Amino acid sequence: MLNLIKNEYIKLFKRGSVIAAVIVMFVLSLGIMMIFKAAEILEDELTYMTEDGEVIGEGKEFYEARVTVLKERLEELEKDSKSNTKDMEAVKRSIAVFEYLIEKDISEEDWRYSLVFEVIGNKEEKDEDISKQEVKEFLDNNDFEGYVRYKAQVTKDQEIKYVNCDDGIKNIYAFMVENEIFDSSDWRYEALTNLEAMAQNAASDREIKRVMALNYRILNNIQYSTDDIVEDIFEVTDETETPFMYGFGSSAGIMVILCGIVIIFAGIIVASEHTDGTIKFLITNPVSRGKIIVSKYLTIVSLSAIGMVTLFVFNFIVCCILFGTEGINAVHLKVTMDGITQMPVILNILIKYVLEMVGVIAYGTMAFAISSFAKSTAVAVAVGIMSSMAGSMVSTVLAQMHQDWGRYLIFSNTSLSTIMENGAYYPNQSVTFALTTVVVYVIIFFTIAYDGFTRKEI
Amino acid sequence: MMETAIKIQNLNKSFGKKHIIKDLSMELKAGEVFGFLGPNGAGKTTTIKMIVGMLHLESGSIEVCGVDVEKDFEKAMANIGAIVENPEMYKYLTGMDNLKQYARMRKGVTKERIDEVVELVGLSNRINEKVKKYSLGMRQRLGVAQAILHKPKVLILDEPSNGLDPAGIKQLRDILKNLAHNEGVCVLVSSHLMSEMELMCDRVGIIAEGKLLDIKTIDDMTRAVTADVNVIAYHVTDASKAKEIVDEYVAALDIDEESKTIYKFNVQDNEHFDVEFPVQIVDELWKLNKKLAMADVGLISICPQENRKLEDVFIEMTANGGDQIA
Ligand SMILES: Nc1ncnc2c1ncn2[C@@H]1O[C@H](COP(=O)(O)OP(=O)(O)OP(=O)(O)O)[C@@H](O)[C@H]1O
Ligand SMILES: [Mg+2]
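Residues numbered from 1 in each chain as written. Chains lettered and ligands numbered in written order. Predicted model: local features only at pLDDT ≥ 70, side-chain atom pairs only at ≥ 80, totals over all residues. Heavy atoms only, no water.

**Topic: the overall build of chain A**
Here is step 1: Summing up its helical and strand segments, chain A has 18 helices and 8 strands in all.
Here is step 2: For chain A, the proportion of its 458 residues judged to be buried stands at 46%.
Here is step 3: Pairs at least 24 residues apart make up 64% of the contacts formed inside chain A by residues separated by at least 6 positions.
Here is step 4: As displayed, chain A offers around 22,700 Å² of accessible surface, 58% of which is attributable to carbon and sulfur atoms. (Helix = DSSP H or I, 4+ residues; strand = E, 2+ residues; numbered from the N terminus. Buried < 20%, exposed > 50% of the residue type's maximum accessible area, 1.4 Å probe, protein only. Contact = heavy atoms within 4.5 Å. Areas by Shrake-Rupley, 256 points an atom, 1.4 Å probe, with all protein chains shown as cover.)

**Considerations on the overall build of chain B**
Here is step 1: Of the regular secondary structure elements, chain B holds 12 helices and 14 strands.
Here is step 2: For 326 residues, the compact-globule estimate of 2.2 N^0.38 gives 20 Å, and chain B exceeds it by more than 25% at 25 Å.
Here is step 3: Principal-axis analysis of the C-alpha atoms places the extent of chain B at approximately 80 × 45 × 40 Å.
Here is step 4: Taking all 326 residues of chain B together, the buried fraction comes to 51%.
Here is step 5: For chain B, restricting intrachain contacts to residue pairs at least 6 apart in sequence, the fraction spanning at least 24 positions comes to 70%.
Here is step 6: Carbon and sulfur atoms provide 49% of the accessible area of chain B, an area that totals close to 15,500 Å².
Here is step 7: Distance between charge centres in chain B, computed from 41 positive and 51 negative side chains, equals 9 Å. (Rg over C-alpha atoms; globule rule 2.2 N^0.38 Å. Lys, Arg positive; Asp, Glu negative; His and termini not counted. Charge placed at Lys NZ, Arg CZ, Asp CG, Glu CD.)

**Overview of the packing of helix 11 (residues 243-250) of chain A against helix 15 (residues 345-371) of chain A**
Residues and elements named next belong to chain A.
Here is step 1: In contact at an axis separation of 9 Å, helix 11 and helix 15 are set at 15° when each is read in the N-to-C sense. One element, helix 11, and the other, helix 15, form an angle in the roughly parallel class. When the axes of helix 11 and helix 15 are compared, the crossing they make is right-handed. Facing Phe244, Met245, Phe248 and Gly249 of helix 11, the residues of helix 15 in contact are Val345, Ile346, Ile349, Lys352 and Tyr353.
Here is step 2: Looking at side-chain class alone, the contact of helix 11 with helix 15 contains 7 nonpolar, 1 polar and 1 charged residues. (Axes fitted to C-alpha atoms, helices over the stretch in contact; angles between N-to-C directions. Parallel < 35°, antiparallel > 145°, perpendicular 65-115°, else oblique. Left-handed = near helix turned anticlockwise from the far one by under 90°. Nonpolar A, V, L, I, M, F, W, Y, C, P; charged D, E, K, R; others polar.)

**Focus on the interface of chain B and chain A**
Here is step 1: Taken together, the contact pairs 31 residues of chain B with 28 residues of chain A.
Here is step 2: Taken together, both faces of the contact between chain B and chain A bury some 2,800 Å²; the carbon and sulfur share is 53%.
Here is step 3: The interface formed by chain B and chain A holds 5 salt bridges in total.
Here is step 4: Here Glu88(B) and Lys280(A) are joined by a salt bridge, their closest N and O atoms 3.1 Å apart.
Here is step 5: Where chain B touches chain A, the interface holds 20 residue pairs in polar contact (both at pLDDT 80 or more). (Buried area = accessible area lost by both parts, 1.4 Å probe. Salt bridge = Lys/Arg side-chain N within 4 Å of Asp/Glu carboxyl O. Polar contact = N/O pair within 3.5 Å; in protein donor to acceptor, adjacent residues only side chain to side chain.)

**Examining the domain arrangement of chain A**
Here is step 1: The domain boundaries assigned to chain A delineate domain 1 (60-106 + 111-139), domain 2 (143-233) and domain 3 (247-455).
Here is step 2: Each of domain 1 of chain A and domain 3 of chain A was reduced to a C-alpha centroid, and the two centroids are 60 Å apart. (Domains from an automatic or database assignment.)

**Here's the deal with the site of ligand 1**
Residues and elements named next belong to chain B.
Here is step 1: Around ligand 1 there are 13 residues in total, and Asn40, Gly41, Lys44, Thr45 and Thr46 lie nearest to it.
Here is step 2: In this structure, Asn40 approaches ligand 1 through a side-chain N or O atom, which is 2.9 Å from an oxygen atom.
Here is step 3: Within the side chain of Thr45, a nitrogen or oxygen atom sits 2.5 Å from an oxygen atom of ligand 1.
Here is step 4: Relative to its free-state accessible area of 630 Å², ligand 1 is covered by the protein chains to the extent of 64%.
Here is step 5: Of all elements in the fold, only strand 2 (18-29) and helix 1 (44-51) reach the threshold of two or more residues within the shell around ligand 1.
Here is step 6: Per-element accounting of the shell around ligand 1 gives the leading share, 3 residues, to helix 1. (Near = heavy atom within 4 Å.)

**A closer look at the side chain of Glu356(A)**
Residue and element names in this part refer to chain A.
Here is step 1: Relative to the helices and strands, Glu356 is located in helix 15.
Here is step 2: There is no salt bridge for the buried Glu356, and the closest opposite charge comes from Lys352, which lies 8.4 Å off by N-O distance.
Here is step 3: Not counting chain neighbours up to four residues away, the residues in contact with Glu356 comprise Ala252, Met255 and Ser417.

**Looking at a nonpolar patch on the surface**
Residues and elements named next belong to chain A.
Here is step 1: On the surface, Phe13, Ile19, Ile23 and Val27 cluster together into a nonpolar patch covering about 330 Å² of accessible area.
Here is step 2: Looking at the nonpolar patch, the element that brings in the most residues is helix 2 (residues 16-44), giving 3 residues.
Here is step 3: Among the secondary structure elements, Val27 is positioned in helix 2.
Here is step 4: Given a relative accessible area of 54%, Val27 falls into the exposed group. (Patch = residues over 30% accessible without salt bridge, like charges linked within 9 Å, V, L, I, M, F, W, Y side chains within 5 Å.)

**Brief notes about unusual backbone geometry**
All names here are of chain B.
Here is step 1: Despite not being glycine, Glu159 shows a phi value in the positive range, around 45°.
Here is step 2: Residue placement: Glu159 occurs in the loop between strand 7 (154-158) and helix 6 (166-183).
Here is step 3: Judged by its relative accessible area of 23%, Glu159 is partly exposed.
Here is step 4: The residue Glu209 is not glycine, and still its phi comes out positive at about 50°.
Here is step 5: Inspection of the secondary structure assignment puts Glu209 in the loop between strand 9 (203-208) and strand 10 (211-217).
Here is step 6: Judged by its relative accessible area of 36%, Glu209 falls in the partly exposed class.

**A few points about the sheet that holds strand 2 of chain B**
All names here are of chain B.
Here is step 1: Reading across the sheet, the 4 strands line up as 2-1-4-5 and stay open at both edges, with antiparallel pairing between neighbours. Looking at strand neighbours, the two that pair on one side only are strand 2 and strand 5 (67-68), the edges of this open sheet.
Here is step 2: In the sheet, strand 1 (residues 4-15) pairs with strand 2 via 8 bridges, with the strands oriented antiparallel. In the strand pairing of strand 2, Ser14 is matched with His19.
Here is step 3: Packing against the sheet, helix 1 makes contact with strand 1, strand 2 and strand 4 (59-64), and its axis sits at approximately 115° to strand 1. (Pairing = 2+ DSSP bridges.)

**Some thoughts on helix 5 (residues 112-119) of chain A**
Residue and element names in this part refer to chain A.
Here is step 1: Among the residues making up helix 5, those that are buried are Arg112, Tyr113, Leu115, Val116 and Val119. For helix 5, the angular spread of the buried residues around the axis is 170°, confining them to a single face.
Here is step 2: Buried residues along helix 5 sit in contact with helix 3 (60-79), helix 4 (85-104), helix 6 (132-141) and helix 7 (144-154). (Arc of directions from axis to C-beta.)

**Focus on the sheet that holds strand 10 of chain B**
Residue and element names in this part refer to chain B.
Here is step 1: In space, the 6 strands of this open sheet follow the order 6-7-8-3-9-10, with mixed pairing throughout. The open sheet is flanked by strand 6 (80-83) and strand 10, the only strands paired with a single partner. Strand-to-strand twist of the sheet, defined as the mean angle between neighbouring strand axes without regard to direction, takes the value 15°.
Here is step 2: Where strand 3 (residues 33-37) lies against strand 8 (residues 186-191), 5 bridges are found, and the strand directions are parallel. From the neighbouring strand, Leu37 faces strand 8, where its bridge partner is Ser191.
Here is step 3: Contacts between helix 1 and the sheet are confined to strand 3, strand 6, strand 7, strand 8 and strand 9, with strand 8 contributing the most and set at about 150° to the helix.

**Remarks on empty space enclosed by the protein**
Here is step 1: If you walk through the whole model with that rule in mind, you get 3 cavities of 30 Å³ or more.
Here is step 2: Reported here for the largest cavity is a volume of approximately 80 Å³.
Here is step 3: The wall of the largest cavity is formed by Leu120(B), Val121(B), Arg141(B), Val144(B), Leu164(B), Gly168(B), Gln171(B), Leu172(B) and Ile175(B).
Here is step 4: Mapped by element, the contributors of at least two residues to the lining of the largest cavity are helix 5 (136-148) and helix 6 of chain B.
Here is step 5: Counting residues per element, the lining of the largest cavity draws most heavily on helix 6 of chain B, at 4 residues.
Here is step 6: Partitioned by chemical class, the residues of the lining of the largest cavity number 6 nonpolar, 2 polar and 1 charged.
Here is step 7: Size it by volume and the second largest cavity reaches roughly 50 Å³.
Here is step 8: In terms of lining, the second largest cavity is formed by Glu8(A), Lys11(A), Leu12(A), Arg15(A), Ile268(A), Ile269(A), Ser272(A), Glu273(A), Lys296(A) and Tyr92(B).
Here is step 9: Elements that contribute at least two residues to the lining of the second largest cavity include exactly helix 1 (2-13) and helix 12 (255-276) of chain A.
Here is step 10: With 4 residues, the single largest contributor to the lining of the second largest cavity is helix 12 of chain A. (1 Å grid on protein atoms, 1.4 Å probe; cavity = no way out; pocket = protein on both sides within 12 Å on 5 of 7 lines; lining within 4 Å. Points joined across faces, edges and corners; volume = space filled by probe spheres on them.)

Here is the structure:
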């Protein structure tokens, strides 16, 4: 049997057209990753603009432009006798804010940025619980630790600002002190402030789950993750991703190219023996036809698997090069009301690839069945590819028309990774249901191919 | 007597409503080259396809070296090497890669054996070229190499000389004869060329319209053809005068009436004719010639014709009354 499979591999890979198809697969795959990369660069290049649409760059340049605009506004207000002092005060404070930002060279990402607006830009002397005077000192000295300790002190009795720890609910600043988060660039600082805001507003199950997820990540110091917020009907993914995670996560979609390739292979592997006339020599060997067709099928299945692993590794390397490796150790969270489970994000992406591969094998088996009937290789390949393309359209249309029987079509069940994440064509289309349907189809297709091949008169 | 290598019993096959093979039975022995002879569409290829498992048997049975081909296909095929119709190989592989494909499917084929076979069919210099660059004859040779790769006990070749040059045909003939006579292989060769069969076969089976007409050894056949008829061509000064004398002479002969019906006098022009004589009188032909000379018919030349060709016999035997394929 192994010898037979080896024969099939040799026959496939000594064909010029097959080699060409494989090369095209890698080139396309690389091309798609480059497009992701290009999109990412474009996003990075978002620029700051004035009201007139003039591009003025960012950071200091932007602050200076604001100061100029605000000063002009102030002059206008001063000239106008009708203007009230309250407005003029507000503009003056804004000018002070930007001048302070310029003086201290504070970027938008700096922990002080929003505080500056709060402390200098706000009129009210007493805001909530902080003393402006004291906070201003922390600002002046860029003393993040001091600020955190101060906040922990003044807010220790407030319940709403919490982190849900194993040993009870904690104030977020107390949590920071306890965990010595004294570096303002620690991702948890921003996450904790987000958590505070989210926790206050969380009402629906889904929002609560998102708070749970964020809370979980802060507790376990998991900066990057892809979070599956599991709902009753389908799943919603919330993601804090690095470019690497985004790029590599999306790359599972490239498996559609492998699907095309496998359909071509399946089309060639049986039909070409007939069109080339080599079938006569193939079956006049001391090997039963059953064994021959099974070994051909195993070749297709193993090629799907090898193709998947190769694409996975290839895309991994390409993503590392294009997007860097930040987020390579990220985790994937699955959040339900009962709790959260986690796995490495790489493993989650591998699962996506494997599920895509199941779809690839399903279409491969279909093409294989067609191949064992078709009179020509070209017809086998064309019919295989066309039905795989038309199939998803059929499923979409049927689902839109609420034809529930459409869920039993193979095309409604092959996009397993999409079904797992959220969007099946039909409601309540679980992965298990889809998988079972696919397996049934595969068995039927294979039986057709097997029966056709072993009975055919040559 | 050598043992039976192929045993076909009451074989029948139809395509749709057309009954192609009609109750065919025959036995082939180990160590013989058996010619399977028949006009186009007689059913030679169809029979061979059933032996090698390409077609299902409708009724009857085929045993190869005692193994029923339908009951134990793999075991039966282990004893068979075959080329059916055209030698279609994987064109995008080299000759060597093609042979390796088959070697992997059969037991006990070593690298040395492959080289030996390549040498035997005379492809050593071209074996590493892609088959698409081969000529028809080269592909035919590769087909033969493929068929004998695993030293089968039964070798089945469907029109093997198709595309081979005269040297190639002779080479093939020698290979087949050697395999049969020295190594005890049963070789089944199909053809519609009688002359070819004559040179390499020990026995021939003649099939027409799906029926086995006769099985004869080549010796029997040749004897049958040469036994009762001799043809002599005459070049004389006066053919019509000669006819009278010959007619008279034959009529007066003291032989049985049946033999006399063999006698034919074919005039070509007034100087040339030929005569088909019963074989008994050939030795006494000088008497007739003497008569002719005495009657003043000038004998310019007298020349015994070649025997009637086996080809003609074959056509006669398988003729279906017209020149259309049955
Ligand atoms: N697949 C088929 N379907 C229908 N009829 C067929 C099929 N194969 C062969 N035949 C018919 O069977 C008959 C015998 O064909 P076969 O190929 O056995 O002849 P053959 O003796 O090999 O002739 P040739 O000398 O031309 O090779 C022919 O009349 C042919 O038309
Ligand atoms: Mg034929």
